[in-house]
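Residue-level listing of the chains:
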Amino acid sequence: MRRVTLFVNGTFTNGKVVAVYGSMEDLLNVASSKLGIRASSVYNGNGGLIDDMTLIRDDDVLYVSDGDSFEDHQEDLGGHERCQAHTDWLTLNVGGRCFTTTRSTLVSKEPESMLAHMFREKDVWGNKQDSQGAYLIDRSPDYFEPILNYLRHGQLIINEGINPLGVLEEARFFGIEQLAEQLEALIKGLNFTGADLSRLDLRYINFKMANLRGTNLSHANLSGANLERADLSLACLDAANLQGVKMLCTNAEGASLRGCNFEDPAGIKANLEGANLKGVDMEGSQMTGINLRVATLKNAKLKNCNLRGATLAGTDLENCDLSGCDLQEANLRGSNVKGAIFEEMLTPLHMSQSVR
């Protein structure tokens, strides 16, 4: 099997990527179906007639005719430009490392991706080039390499030592959705113990039951992420974006969540029901409307947090520092506040509900 890109004779737009099997007759039948013409001849980029399947290589660009002789759609270009158009080779300088590939590789598999839009037609995006003519892309080369290989052969292969979360961030940046879905499935349940994931865009990723013990997630964007039953013990999430996060029964004992934002402007409330938050430091976090029902916050530091409208029913707040917190309209029904510190609250605590 070979993968080739087909164009109607005399054009270089609206191409179709097809898998080539069998005989020339089979190829012509596929071309007729994909291009909407009565295919009778196939040419290479130099105008040579192809009459033998053994002459076709993987990633070839072919021109299909319904009977007319070959038409050179680039005949007005100079010799160097014409050669480049036919061979379709180009070089990308990604973060200082150069990758050589074909234009069809970048545009064919994921036609709606950013890379496809950048390189489908020449200079449409005004792509900058270095002194050697390589197109400059200011991204991580380590994370880009698996993406380029995926576009080449459709397989996700990540070398040892490469963080799949970094590859996922690049896949999302370039708009390669099918690859992003594969990476999300791969990440689920992985062991990230002690990993540095700071400042990464991890929105809506499924970390359910993942091992994130001791992980650095400071300043990471975890908006809408699923951390249900994940192990976040001793992790650092300082200044992380946790809007609408799902952390049901998560173990975050001893973790640092200082200055986190749990407030979602769309009204989706963060859910930490049943979470183990013993000894966590959440000082200064924004947690309006957060669900902490039956969570354990024993010995936790919640100083100067915004807990307005929060659900703390049945929560263990023993020896919890809540000084300076805004607890207006918070629900503490059945919560254990033995030894809890409520001094310097921003608003009076009105609890018609019973507390222990």
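Residues numbered from 1 in each chain as written. Predicted model: local features only at pLDDT ≥ 70, side-chain atom pairs only at ≥ 80, totals over all residues. Heavy atoms only, no water.

### Here we look at the environment of Gly289
Phase 1: Mapped onto the elements of the fold, Gly289 is located in the segment after α7 (177–187).
Phase 2: C-alpha of Gly289 to C-alpha of Leu307: the two residues are 18 residues apart in sequence and 6.8 Å apart in space. (Helix = DSSP H or I, 4+ residues; strand = E, 2+ residues; numbered from the N terminus.)

### Examining the packing of helix α6 (residues 164–173) against α7
Phase 1: It is the contact of α6 with α7, at a shortest axis distance of 9 Å, that shows an interaxial angle of 155°. Comparing their axes, α7 and α6 come out roughly antiparallel. For the element pair α6 and α7, the recorded crossing hand is left-handed. Across the interface between the two elements, Pro164, Leu165, Val167, Leu168, Ala171 and Arg172 from α6 touch Leu179, Ala180, Leu183, Glu184, Leu186 and Ile187 from α7.
Phase 2: A breakdown of the residues in the contact of α6 with α7 according to their chemical character gives 10 nonpolar, no polar and two charged. (Axes fitted to C-alpha atoms, helices over the stretch in contact; angles between N-to-C directions. Parallel < 35°, antiparallel > 145°, perpendicular 65-115°, else oblique. Left-handed = near helix turned anticlockwise from the far one by under 90°. Contact = heavy atoms within 4.5 Å. Nonpolar A, V, L, I, M, F, W, Y, C, P; charged D, E, K, R; others polar.)

### Overview of the confidence of the model for the protein
Reading predicted coordinates in detail is not appropriate for stretches of low pLDDT.
Phase 1: Per-residue confidence for the protein averages 86 on the pLDDT scale, and 90% of its residues sit at or above 70.
Phase 2: Of all the helices and strands in the protein, helix α2 (residues 79–87) carries the lowest mean pLDDT, 43, while helix α5 (residues 141–153) carries the highest, 93.
Phase 3: Below pLDDT 50 for its whole length, residues 76–87 participates in 15 contacts with residues either more than four positions away or in separate chains.
Phase 4: Here residues 345–354 is modelled with pLDDT under 50, and outside its nearest four sequence neighbours on either side it reaches 22 contacts, counting other chains as well. (pLDDT = per-residue confidence, 0-100.)

### A short note on the packing of aromatic side chains
Phase 1: Under the criterion given, the structure shown has eight aromatic pairs.
Phase 2: Between Tyr63 and Phe70, the aromatic rings sit 6.1 Å apart at their centres with planes inclined by 75°, giving edge-to-face as the arrangement.
Phase 3: By relative accessible area, which is 1% here, Tyr63 ends up buried.
Phase 4: Phe70 sits in the partly exposed class, given a relative accessible area of 21%.
Phase 5: Ring centres 5.2 Å apart and planes at 80° place the aromatic pair Phe119 and Tyr135 in the edge-to-face group. Taken as a pair, Phe119 in helix α4 (residues 114–119) and Tyr135 in strand β7 (residues 135–137) lie far apart in primary sequence, 16 residues in all. An identical accessibility class is assigned to Phe119 and Tyr135; each is buried.
Phase 6: Through successive ring pairs, a cluster of aromatic residues spans Phe7, Tyr43, Tyr63 and Phe70.
Phase 7: Above the plane of the ring of Tyr150 lies Lys109, whose end atom (NZ or CZ) is 5.2 Å from the centre. (Phe/Tyr/Trp six-rings, centres within 6.5 Å; stacked < 30°, edge-to-face > 60°. Buried < 20%, exposed > 50% of the residue type's maximum accessible area, 1.4 Å probe, protein only. Lys NZ or Arg CZ within 6 Å of the ring centre and 35° of its normal.)

### Things to note about the side chain of Ser108
Phase 1: Among the secondary structure elements, Ser108 is positioned in helix α3 (residues 103–108).
Phase 2: The exposure class assigned to Ser108 is buried, which follows from its relative accessible area of 17%.
Phase 3: Leave out the neighbours within four places in its chain, and Ser108 touches Thr5 and Val17.

### Notes on the side chain of Asp321
Phase 1: Mapped onto the fold, Asp321 is located in the segment after α7.
Phase 2: Here Asp321 is buried and forms no salt bridge, its nearest opposite-charge partner Lys303 lying at an N-O distance of 5.3 Å. (Lys, Arg positive; Asp, Glu negative; His and termini not counted. Salt bridge = Lys/Arg side-chain N within 4 Å of Asp/Glu carboxyl O.)

### Here we look at the packing of α5 against α6
Phase 1: Two numbers describe how α5 lies on α6: the axes approach to 9 Å, and their chain directions differ by 65°. If you check the angle between α5 and α6, you find them roughly perpendicular. Where α5 crosses over α6, the two elements pack in a sense that is right-handed. Touching Tyr143, Pro146 and Ile147 of α5 are Gly166, Val167, Glu170 and Ala171, all from α6.
Phase 2: Classifying every residue of the contact of α5 with α6 gives five nonpolar, one polar and one charged.

### Concerning the nonpolar core
Phase 1: Phe207, Phe262, Leu302 and Leu307 are the most contacted members of the largest nonpolar core, which totals 80 residues.
Phase 2: Mapped by element, the contributors of at least two residues to this core are β5 (89–94), α3, α4, β7, α5, α6 and α7.
Phase 3: No other element matches the five residues that α5 contributes to this core.
Phase 4: Residues within four places of Leu307 in sequence aside, it is in contact with Met287, Ile290, Leu292, Leu302, Leu322, Cys325, Asp326, Leu327 and Ala330.
Phase 5: One finds Val4, Leu6, Ile50 and Leu62 within the second-largest nonpolar core, a separate group that totals 17 residues. (Core = buried A, V, L, I, M, F, W, Y, C linked by side-chain atoms within 4.5 Å.)

### Description of the pairing of strand β4 (residues 61–65)
Put simply, side chains in a regular strand alternate between the two faces of the sheet.
Phase 1: Counting buried positions over the five residues of β4 gives five, a clear majority of the element.
Phase 2: Residues Val61, Tyr63 and Ser65 line one face of β4 and the alternating positions Leu62 and Val64 line the opposite face, and both faces are buried.
Phase 3: As paired elements, strand β1 (residues 2–8) and β4 share four bridges and run parallel to each other. Each residue of the ladder has a partner; that of Val8, found in β4, is Val64.
Phase 4: Where strand β3 (residues 41–43) meets β4, three bridges bridge the pair, whose relative direction is antiparallel. The partner of Tyr43 across the bridge, within β4, is Tyr63. (Pairing = 2+ DSSP bridges.)

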